[in-house]
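Examining the three-dimensional arrangement
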Amino acid sequence: MSDLTEQDPNDPSEPEVLRPGDTFKRTGGGWASEPTTPMSVDEATGSPTASEAARLSASELGSDPLEANLVAQRASGSGGRLLSADEFQGLTDVPAAMIWLANIDNPNTRRAYQGDLEAFIAFCGIESPAELRDVARAHIIAWRGQLEGFGLAPATIRRKLSSISSLYDFLCNENAVESNPVAGVKRPAADNNEGKTPALSDEQARKLLQAPIGDKLKAVRDRAILAAYLFHALRRTELATLTVGSLQERRGVMHFRVEGKGSKTRYVPVHAAALVAIDEYLEAAGHREDRKGALFRPVRNPNGGLEGAITGDGLYKMLKSYAARAGVHMDGLCLHALRATAATNALEHSADIAFVQGWLGHANISTTRLYDRRRSRPEDSPTFKVSY
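Numbering of residues starts from 1 in every chain and runs along the sequence as written. pLDDT decides what is reported in this predicted model: residues at 70 or higher carry local features, side-chain atom pairs at 80 or more are listed and counted, and totals for whole chains, interfaces and linings draw on all residues regardless. In computing side-chain properties, one takes all heavy atoms of the structure into account and sets aside hydrogens as well as water.

With that settled, the discussion passes to the overall build of the chain. Secondary structure counts use DSSP, requiring at least four H or I residues in a row for a helix and at least two E residues in a row for a strand, with both numbered from the N terminus. If you tally the helices and strands in the chain, you get 17 helices and five strands. Summary of the burial criterion: residues with accessible area below 20% of their type's maximum are buried, those above 50% are exposed, and those between are partly exposed, where the area comes from a 1.4 Å probe applied to protein chains only. For the chain, the proportion of its 388 residues judged to be buried stands at 36%. When the accessible surface of the chain is summed, it comes to about 22,100 Å², and 50% of that surface belongs to carbon and sulfur atoms. Shrake-Rupley sampling with a 1.4 Å probe provides the accessible areas, and residues are treated as covered by the protein chains on show and by no other component.

Take the side chain of His287 next. Examined against the element boundaries, His287 turns out to sit in the loop between helix H13 (272-285) and helix H14 (312-326). Among the residues examined, His287 registers a relative accessible area of 8% and is labelled buried. Sequence-distant contacts of His287, defined by excluding residues within four places in its chain, comprise Val244, Tyr281, Leu282, Ala294, Leu295 and Arg297. Residues are treated as being in contact if the distance between any of their heavy atoms lies within 4.5 Å.

Here three strands make up an open sheet; going across it, the order is E3-E4-E5 and the pairing antiparallel. Strands at the two margins of the open sheet, each flanked by one partner only, are strand E3 (247-250) and strand E5 (265-269). Between one strand and the next, the sheet's axes are offset by a mean angle of 40 degrees, whatever the strand orientation. Inspection of the sheet shows E3 paired to strand E4 (residues 253-259) by four bridges, in the antiparallel sense. The residue bridging Arg250 from the neighbouring strand is Val253, located in E4. Two strands qualify as a pair provided that DSSP identifies no fewer than 2 bridges between them. Axis lines are fitted to C-alpha atoms, over the contacting stretch for helices. Their N-to-C directions set the angle, which ranges from 0 to 180 degrees.

Once that is clear, we can look at the pattern of salt bridges. Criterion for a salt bridge: a side-chain nitrogen of Lys or Arg within 4 Å of a carboxyl oxygen of Asp or Glu. Counted by the stated rule, this structure contains twelve salt bridges. Between Arg235 and Glu238 there is a salt bridge; the shortest N-O distance is 2.5 Å. Like Glu238, Arg235 is buried. Across the pair Glu283 and Arg288 runs a salt bridge whose closest N-O atoms are separated by 3.2 Å. Looking at Arg288, the relative accessible area reads 27%, which means it is partly exposed. What you see here is one network of salt bridges that share partners, running through Asp116, Arg159 and Lys160.

Two aromatic rings from Phe, Tyr or Trp, using only the six-membered ring of Trp, form a pair when their centres are within 6.5 Å; if the ring planes differ by under 30 degrees the pair is stacked, by over 60 it is edge-to-face, and anything between is tilted. Within the structure shown, the criterion is met by three aromatic pairs. Relative to Tyr113, the ring of Trp100 lies with its centre 5.9 Å away and its plane at 25 degrees, an arrangement referred to as stacked. In this pair, Trp100 sits in helix H6 (residues 96-102) while Tyr113 sits in helix H7 (residues 107-124), placing the two residues 13 residues apart along the sequence. Using a relative accessible area of 3% as the deciding quantity, one classes Trp100 as buried. Arranged with centres 5.1 Å apart and planes meeting at 65 degrees, the rings of Phe120 and Trp143 form a pair that is edge-to-face. With Phe120 in helix H7 and Trp143 in helix H8 (residues 137-149), the pair connects residues that are 23 residues apart, well separated along the chain. Positioned above the aromatic ring of Tyr267 is the side chain of Arg250, whose terminal nitrogen or guanidinium carbon lies 3.8 Å from the ring centre. Whether a charge lies above a ring is judged from NZ of Lys or CZ of Arg, which has to be within 6 Å of the ring centre and within 35 degrees of the ring normal.

The next subject is the pairing of E5. Burial along E5 is one-sided: the residues Arg266 and Val268 are buried and none of Thr265, Tyr267 and Pro269 is. The pairing of E4 with E5 spans five bridges and is classified as antiparallel. Within the sheet, the bridge partner assigned to Phe256 lies in E5 and is Val268. What sits between E4 and E5 in their antiparallel hairpin is a turn of five residues, with Gly262 showing a positive phi close to 65 degrees.

Note that all results are geometric; they support no functional claim without further evidence.
Next comes the structure, spelled out in structure tokens:
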């Protein structure tokens, strides 16, 4: 397995990510990266040495990246080559599977895809990268059957098949294999056309927004957090990674600059009610001028400082506490339910589904349709039309 993911199976850490300036060495467990040793300025000429010039950004050596590269080349005196022969060969020898993983920006996706790959490798008994060429469609179908036998949800099986398909697409582009064995393999159909995540009713959402009572910092912060969720349909990670500087004015309207899945940035206009709540929170917390700091922070932290962002666990505990206080009882209530609530509410109030797709940060509108429950509203059911 170490030859495929190039990570020690006994090491629970995330797969190594290739970074500019890293060199690679072969270890017993696979590949490991180590930063290049920084070099000082040449005392005789006053110019940066080769390694130092390679590290400096274009802004430090000039606004033009080409100029920066030329400066580095002149400093190296090596005819323009900034990598040593060993470094160059080391990068050419990095296994394709590791490069595929390194190209996945989102750490959660990268972790999930690595787990899927490890499960597939274990199922097939693959021991070397070369054996990836021998995988046929029959192997994929057999693995799918095993996953179905485990009772996994159709969406989970589809994701696992997508992981392996993504790897083989990459290997095809690298001319490492002739074809993608996942292509043509039928994937489980979705359970239905409606998402499983529950959504709150309008009345329940209002109760939840009003649940934090008082003027203490925690209550002020929690009103702002709940408003950010319920008026903007943010993902948990998106909200947790908001900084004070994420609040930006565009065309006279305040927006959240949201870092979404796949490192995609989108700008979400801030609802007036949420803006008031956030302004009150920043005034009470006193970190309005810390533009690079976390927007929503813990109010107490026995294990450290209060400058970091509130954790996902902290957000979940907050939701459960206020839901109980507001009398909102629902199976499967979670932070994602607040996102589903906002999306459902927007669609029920005539928001264009194409705009909702961009608002949610969905790559495919079929995902957005999972939040469209206009045809299944209880109050519209024929049940309530029956009269005897």
